Amino acid sequence: MRFYHFILIGFLVQTLLACSTPVSDFGVYRQSDGTVGVHAPKGATDTEAHEAALLECKKLGKRAATIVTAHPTSNDRFPNTYIYNCIY
């Protein structure tokens, strides 16, 4: 019985991980004014874009990212661009 319990848990974890957009699909870049830009792929949520920006901010030694602006683009692969300010 325990064996099936572990298989079920493993299957649920893999399913949840497969549902999110991989971080490598985001186009994350630093701008000259200190902000971080995120090009989000199709199907990505605002929360996933924020997580990508937060990872980049942590590389810069900052602990948080606040959104400055979000706007659509004409790019088919990255339909949304978000600009974040790294703080703390």
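Structural data are supplied above this passage.
Residues numbered from 1 in each chain as written. Predicted model: local features only at pLDDT ≥ 70, side-chain atom pairs only at ≥ 80, totals over all residues. Heavy atoms only, no water.

Undergrad: Let's hear about the overall build of the chain: which residues, and what values?
TA: For the chain, the count of helices and strands is 2 helices and 4 strands. Expressed as a percentage of its 88 residues, the buried residues of the chain come to 27%. Sequence-distant contacts in the chain: of pairs separated by 6 or more residues, those separated by 24 or more amount to 48%. Carbon and sulfur atoms make up 60% of the accessible area of the chain, which totals about 6,300 Å². (Helix = DSSP H or I, 4+ residues; strand = E, 2+ residues; numbered from the N terminus. Buried < 20%, exposed > 50% of the residue type's maximum accessible area, 1.4 Å probe, protein only. Contact = heavy atoms within 4.5 Å. Areas by Shrake-Rupley, 256 points an atom, 1.4 Å probe, with all protein chains shown as cover.)

Undergrad: Pulling in residues and values, what's your account of the pattern of salt bridges?
TA: Considering all chains together, one arrives at 2 salt bridges under this definition. Here Arg30 ties to Glu56 by a salt bridge, and the two come within 2.6 Å at their closest N and O atoms. Of the two residues, Arg30 is situated in strand β1 (residues 27-30) and Glu56 in helix α2 (residues 46-59); the sequence distance between them amounts to 26 residues. A relative accessible area of 11% means that Glu56 is categorised as buried. Several salt bridges converge on common partners, so that one network encompasses Arg30, Glu56 and Lys59. (Salt bridge = Lys/Arg side-chain N within 4 Å of Asp/Glu carboxyl O.)

Undergrad: Please give an account of the side chain of Thr81 that cites residues and values.
TA: Within the element layout of this structure, Thr81 appears in strand β4 (residues 80-87). Note on Thr81: relative accessible area 3%, which makes it buried. A distance of 2.9 Å separates polar atoms of two side chains, one belonging to Thr81 and the other to His39. Excluding residues that lie within four positions of it along the chain, Thr81 makes contacts with Tyr29, Val38, His39, Thr69, Ala70, His71 and Thr73. (Polar contact = N/O pair within 3.5 Å; in protein donor to acceptor, adjacent residues only side chain to side chain.)

Undergrad: Go over the environment of Pro41, please, and point to the residues and values.
TA: By the element assignment, Pro41 lies in the loop between β2 (35-40) and α2. Note: C-alpha distance between Pro41 and Asp25 (16 residues apart in sequence) is 6.5 Å.

Undergrad: I'd like to hear about the nonpolar core, residue by residue, with values.
TA: Ranked by internal contacts, the top residues of the largest apolar core, which has 13 residues, are Phe26, Val36, Val38, Ala49, Ala53, Tyr82 and Tyr84. Residue assignment for this core shows that the elements contributing at least two residues are β2, α2 and β4. Considering each element in turn, this core owes the most residues, 4 residues, to α2. Beyond its immediate sequence surroundings of up to four residues, Ala53 is in contact with Val36, Val38, Ala65 and Tyr84. (Core = buried A, V, L, I, M, F, W, Y, C linked by side-chain atoms within 4.5 Å.)

Undergrad: Residue-level account of the pairing of β4, with values.
TA: Note that β2 and β4 share 6 bridges and pair antiparallel. Opposite His39, over in β4, you have Thr81 as the bridge partner. (Pairing = 2+ DSSP bridges.)

Undergrad: Tell me about the state of the cysteines, and please be specific about residues and values.
TA: Per the stated rule, a full pass over the model turns up 1 disulfide. For Cys57, the disulfide goes to Cys86, at an S-S distance of 1.9 Å. Sign of the S-S torsion, about -70° for the bond between Cys57 and Cys86, identifies this disulfide as left-handed. Here Cys57, found in helix α2, pairs with Cys86, found in strand β4; they are 29 residues apart in sequence, far enough to count as distant. Here the two residues Cys57 and Cys86 agree in accessibility, since each one is buried. (Disulfide = S-S within 2.5 Å.)

Read these as geometric descriptors, not functional statements.
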